[in-house]
Amino acid sequence: MTIATVVVFGILLLSGASVISLLYPSRVRDRIVDQADEASRRITTLIDDRKFPGPIPPQAGVGLLQVVNLDGEVVAASAGLQGRPPLTLERPAGGDSRVSSRVCLPEGCLVVVGTSNRSTAYGSVVAYAAIREPFQLEASYVAAILFGASGVLLALMGWGAWYGVGHVLAPVERIRRGLERISAEDLSRRIEVPGTQDEVAELATTVNDTLSRLEDAVARHRRFVSDASHELRTPITALMVRLEAGLEERTGEDWRAALNDVRRLSDIVQDLLLMARLDAGADIRQERVDLGRLVEEEAGRRLGRLPVTLSLEPCVFVRGNRLRLARLFTNLLSNADRYGDTRVRVSVCRRGEEALLEVSDDGPGIPEPLRETVFERFTRLDTTRSRDTGGSGLGLPIARDIARAHGGDLRIGEGPETRLVLCLPAD
């Protein structure tokens with residue numbers, strides 16, 4: 001890209017130098033001719049009725065002046081041309097009163113313009129004004145200067161681009177090499193952040209932040225796969241043992257236990273599928289949902305261990321997917337029913353721009369240091385329960401993921417009891 005830019009700029013620069021080398025001499029010559037023409041016309045005006053008493057004074061900034069009669073005799077001249085023969089014998093012809101020529105003398109070339117006047121104090125004469133031709137009018141000189149300067153400028157630009165871009169991109173190249181050394185098996189490496197405090201340093205910082213998030217995501221994925229495989233292995237192993245026992249003894253208890261294992265396995269698989277959809281961020285159909293009515297309907301369907309007390313404020317609306325919000329509430333209700341002692345309380349109300357759903361139980365509660373831990377996947381705080389009788393450790397993580405997918409959040413409320421508080425934007 002840098003080479004292409006230099007090449008394009010070089011083509012434009014050399015093209016411009018070519019055009020200037022062709023146009024500049026003619027433009028300068030035209031100005032000189034105009035200046036000499038004005039001087040010669042002034043002389044013809046001055047000698048209409050009188051002769052010069054001495055040398056011709058400079059006219060229009062021109063000091064080389066002559067008045068020549070029809071016989072080729074110089075009848076008046078400026079101080080620098082006194083005693084000199086005529087600069088040129090060219091005269092206006094074809095009805096034109098002006099003649100322009102280029103005269104080269106040993107001391108240099110002149111641009112000469114003559115204006116004729118037939119009725120002057122000297123008779124019929126031609127007044128000549130001459131200006132020394134500047135060396136810039138030599139086309140080869142101008143071209144050499146322009147092309148030489150263009151070449152030097154192009155070389156400086158190429159060197160500056162090479163050095164500047166190389167100097168700027170050197171940290172970027174180090175970042176690229178550092179990224180090449182990082183693999184999916186080892187995401188703990190980080191890119192060296194240069195101390196320049198510029199955009200490249202910000203890029204390196206952003207890359208390191210991205211690597212940190214990627215490392216965390218991969219670690220969570222590995223933990224998830226490990227925990228999921230363990231969770232699935234437990235009911236599958238139990239199911240195989242009971243099926244083998246059932247084939248030998250064929251007792252009803254073994255078949256019922258096997259059926260419970262199959263149901264548990266189905267629940268875990270359904271939870272894993274739902275979490276995969278939530279992680280993928282798939283779009284879901286949303287509608288306006290009366291949160292209090294949804295809670296009332298779902299609580300009425302469920303037959304739990306503990307009685308449920310409802311305190312529902314009417315017309316508390318949210319926007320979301322009804323099925324997933326119902327799943328969120330049933331997860332909270334199942335958790336409270338599993339760990340509560342005698343009762344479960346559910347309330348729905350609106351506070352400002354938020355709709356609040358609170359599910360509480362009178363169980364042992366959750367220690368404050370562990371209130372975020374319960375939202376980690378496959379986490380169980382009740383170590384006395386086995387994996388067969390306890391939950392899968394996915395209910396609360398799924399509930400929080402659903403809440404955040406709806407623009408809200410799920411948290412543990414303060415107090416000795418367990419209070420799960422869902423906050424959603426009110427509609």
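Our structure's up above, just so we're on the same page.
All values derive from a computational prediction rather than experimental measurement.

Thresholds, definitions, all that
Sequence positions are assigned chain by chain, starting from 1 and proceeding in written order. Per-residue local features of the predicted model are confined to residues with pLDDT of at least 70, and side-chain atom pairs are confined, for both listing and counting, to 80 or more; whole-chain, interface and lining totals are unaffected and use all residues. To get the side-chain values, take all heavy atoms of the structure and skip hydrogens and water. Runs of H or I in DSSP of at least four residues are treated as helices and runs of E of at least two as strands, each being numbered from the N terminus. Each residue gets one of three labels from its accessible area relative to the maximum for its type: buried under 20%, exposed over 50%, partly exposed in between, using a 1.4 Å probe on protein chains only. Contact criterion: two residues are considered in contact whenever any of their non-hydrogen atoms come within 4.5 Å of each other. Here the expected span of a helix is defined as 1.5 Å times the quantity of residues minus one. Polar contact is defined as a pair of N or O atoms within 3.5 Å, subject to the rule that within protein one atom must be able to donate a hydrogen and the other to accept it, and that residues adjacent in sequence are counted only when both atoms are side-chain atoms. A side-chain nitrogen of Lys or Arg and a carboxyl oxygen of Asp or Glu constitute a salt bridge if their distance falls within 4 Å. Any two strands with at least two DSSP-identified bridges between them are counted as paired. What we call a nonpolar core is a set of buried Ala, Val, Leu, Ile, Met, Phe, Trp, Tyr and Cys residues that are connected through their side-chain atoms within 4.5 Å. All axes are obtained by fitting lines to C-alpha atoms, using only the stretch in contact for helices, and the reported angles, taken between N-to-C directions, cover 0 to 180 degrees. Only Phe, Tyr and Trp rings are paired, with Trp represented by its six-membered ring, and only when their centres lie within 6.5 Å; those with planes under 30 degrees apart are stacked, over 60 edge-to-face, the remainder tilted. In this scheme, the term charge over a ring applies when either NZ of a lysine or CZ of an arginine sits within 6 Å of the ring centre and within 35 degrees of the ring normal.

Enquirer: When you look at the environment of Arg132 in this model, what are you seeing that I'm missing?
Expert: Relative to the elements of secondary structure, Arg132 occurs in strand S5 (residues 125–132). When its relative accessible area of 46% is taken as the criterion, Arg132 is described as partly exposed. Put simply, Arg132 and Leu64 are 68 residues apart on the chain and 8.8 Å apart in space, counted from C-alpha to C-alpha. Here Arg132 is in contact with Leu64, Glu107, Cys109 and Leu110, once residues within four sequence places are set aside.

Enquirer: Would you mind showing me how to read helix H6 (residues 322–339) here?
Expert: In an α-helix, one turn spans 3.6 residues; hence positions three or four apart end up facing the same way. Taking 1.5 Å of rise per residue, 18 residues should cover 26 Å, and H6 covers 26 Å from first to last C-alpha, within 8% of that figure. Most of H6 sits inside the fold, with 13 of its 18 residues counted as buried. With a side-chain oxygen lying 3.2 Å from the backbone nitrogen of Leu323, the N-terminal cap of H6 falls on Asn321.

Enquirer: What am I meant to see in the pattern of salt bridges here?
Expert: Within the structure shown, the criterion is met by 18 salt bridges. Put simply, Asp409 and Arg400 hold a salt bridge, and the shortest N to O gap is 3.8 Å. The partly exposed category is assigned to Asp409, whose relative accessible area is 29%. Residue classification places Arg400 among the buried residues on the basis of a relative accessible area of 8%.

Enquirer: Whenever I open this one, the pairing of strand S12 (residues 418–425) confuses me. Can you help?
Expert: Look at any regular strand and the pattern is simple: side chains alternate between the two faces of the sheet. Burial of S12 is extensive: 6 of the 8 residues sit out of reach of the surface. One ladder, built from 8 bridges, connects strand S10 (residues 354–361) with S12; its direction is antiparallel. Residue pairing across strands places Glu354 opposite Pro425, the latter belonging to S12. Bridge count for strand S11 (residues 409–412) against S12 is 4 bridges, and the pairing is antiparallel. Each residue of the ladder has a partner; that of Asp409, found in S12, is Cys423. The turn joining S11 and S12, which pair antiparallel and follow one another in sequence, is formed by 5 residues; a positive phi near 130 degrees is taken by Gly415.

Enquirer: Looking at this structure, I do not really get the nonpolar core. What am I missing?
Expert: Here is a general trend for soluble globular proteins: nonpolar side chains tend to be buried in one another's company. Phe329, Leu332, Val346, Leu357, Val359 and Leu410 are the most contacted members of the largest nonpolar core, which totals 37 residues. When contributions to this core are tallied by element, the ones reaching two or more residues are helix H5 (291–301), H6, strand S9 (344–351), S10, helix H7 (395–405), S11 and S12. The element best represented in this core is H6, accounting for 7 residues. Other than its neighbours up to four places away in sequence, Phe329 contacts Val295, Glu298, Ala299, Val346, Leu357 and Val359. The next biggest cluster of nonpolar side chains, apart from the first, holds 20 residues, and it includes Ala39, Ile43, Val62 and Val113.

Enquirer: Explain the sheet that holds strand S2 (residues 74–77) here, please?
Expert: Picture the strands of a sheet paired through backbone hydrogen bonds; they go either parallel or antiparallel. Spatially, S2-S1-S5-S4-S3 is the arrangement adopted by the 5 strands of the open sheet, whose pairing is antiparallel. The sheet is open, and its two borders are formed by S2 and strand S3 (98–105), each paired with just one other strand. Averaged over all neighbouring strand pairs, the angle between strand axes comes to 25 degrees, with direction disregarded. For S3 and strand S4 (residues 108–117), the ladder comprises 8 bridges, and the chain directions are antiparallel. Looking across to S4, one finds that Ser100 is bridged to Val113.

Enquirer: Can you help me understand the packing of aromatic side chains in this one?
Expert: Each aromatic ring pair is described using two quantities: the centre-to-centre distance and the angle formed by the ring planes. Following the criterion strictly, the structure yields 0 aromatic pairs and no others. The ring of Phe317 is capped by Arg288, whose NZ or CZ atom sits 4.0 Å from the centre of that ring. A cation over an aromatic ring shows up here: Arg400 above the ring of Phe375, its NZ or CZ 3.8 Å from the ring centre.

Enquirer: I tried to follow the side chain of Arg400 on my own but got confused; where do I start?
Expert: With respect to the helices, strands and loops of the structure, Arg400 is situated in helix H7. If we skip the residues at most four places from it in the chain, Arg400 touches Glu372, Phe375, Asp409, Leu410 and Arg411.

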